[in-house]
Amino acid sequence: MRQLTLTNVQFDVLHDIVKDAIDELKCDLDEQTLYTTETYKIYAQLNNLQDLNPIPTVLINEDDYGDKVDTLVSNMVASNDNEFTHDSEGC
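The model shown is predicted, which means the values in this text are computed figures rather than measured ones.

Description of the overall build of the protein
Here is step 1 of the chain: Helix and strand counts for the protein come out as 4 helices and 0 strands.
Here is step 2 of the chain: When the helices and strands of the protein are placed in sequence order, the string is α-α-α-α.
Here is step 3 of the chain: In the protein, buried positions account for 11% of the 91 residues.
Here is step 4 of the chain: In the protein, 44% of the contacts between residues at least 6 apart in sequence involve partners at least 24 apart.
Here is step 5 of the chain: Accessible area for the protein stands at about 8200 Å²; split by element, carbon and sulfur atoms hold 53% of it.

Description of the packing of aromatic side chains
Here is step 1 of the chain: Enumeration according to the criterion identifies 2 aromatic pairs in this entry.
Here is step 2 of the chain: Here Y35 and Y40 contribute two aromatic rings whose centre-to-centre distance is 4.8 Å and whose plane-to-plane angle is 50 degrees, an arrangement assigned as tilted.
Here is step 3 of the chain: Among the residues examined, Y40 registers a relative accessible area of 24% and is labelled partly exposed.
Here is step 4 of the chain: On the basis of an interplanar angle of 55 degrees and a centroid distance of 6.2 Å, the ring pair of Y40 and Y43 is categorised as tilted. Of the two residues, Y40 and Y43 are both situated in helix α3 (residues 38-52); the distance of 3 residues between them amounts to about one turn of the helix.
Here is step 5 of the chain: Its relative accessible area of 15% is what places Y43 among the buried residues.
Here is step 6 of the chain: By the ring-pair criterion, three or more aromatic residues cluster together here, those being Y35, Y40 and Y43.

A word on the confidence of the model for the protein
Here is step 1 of the chain: Residues with a pLDDT of 70 or more make up 69% of the protein, whose mean pLDDT is 79.
Here is step 2 of the chain: Mean pLDDT across the elements of the protein ranges from a minimum in helix α4 (residues 62-74), with 70, to a maximum in helix α1 (residues 8-28), with 93.

Looking at the pattern of salt bridges
Pairs may arise between side chains of opposite charge once their charged atoms sit close together.
Here is step 1 of the chain: On inspection of all chains with the given rule, the structure shows 2 salt bridges.
Here is step 2 of the chain: The salt bridge partner of K19 is D23, with a shortest N-O separation of 3.2 Å. A residue pair is termed a helical-turn pair when its members lie 3 or 4 positions apart in one helix, as K19 and D23 do in helix α1 at 4 residues.
Here is step 3 of the chain: With a relative accessible area of 33%, K19 lands in the partly exposed category.
Here is step 4 of the chain: Looking at D23, the relative accessible area reads 29%, which means it is partly exposed.
Here is step 5 of the chain: Between K41 and E38 there is a salt bridge; the shortest N-O distance is 3.2 Å. Placement of both K41 and E38 in helix α3 is noted, with a separation of 3 residues, approximately one turn of the helix.
Here is step 6 of the chain: E38 sits in the exposed class, given a relative accessible area of 53%.

What counts and what doesn't
- Residues numbered from 1 in each chain as written.
- Predicted model: local features only at pLDDT ≥ 70, side-chain atom pairs only at ≥ 80, totals over all residues.
- Heavy atoms only, no water.
- Helix = DSSP H or I, 4+ residues; strand = E, 2+ residues; numbered from the N terminus.
- Buried < 20%, exposed > 50% of the residue type's maximum accessible area, 1.4 Å probe, protein only.
- Contact = heavy atoms within 4.5 Å.
- Areas by Shrake-Rupley, 256 points an atom, 1.4 Å probe, with all protein chains shown as cover.
- Phe/Tyr/Trp six-rings, centres within 6.5 Å; stacked < 30°, edge-to-face > 60°.
- pLDDT = per-residue confidence, 0-100.
- Salt bridge = Lys/Arg side-chain N within 4 Å of Asp/Glu carboxyl O.

So this is what it looks like as structure tokens:
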């Protein structure tokens, strides 16, 4: 067995390529034959992986983005003001 590691973008591109191949095969093959092809088996596996690992969606509204950054930075203060930490060094 071989393993392939892809980024989300690479996975989406591969999924689209295989889907296009399946669409072309649909024109030439009946459904029963199509389902037995290795291409269709790969496509089915890609669909299962896509369902198991949905791509998270991050929405950033420009109006509240600055407030969120300010809150994050304010939460990074040191518990002891005499103890130097990454955020208390002015970095």
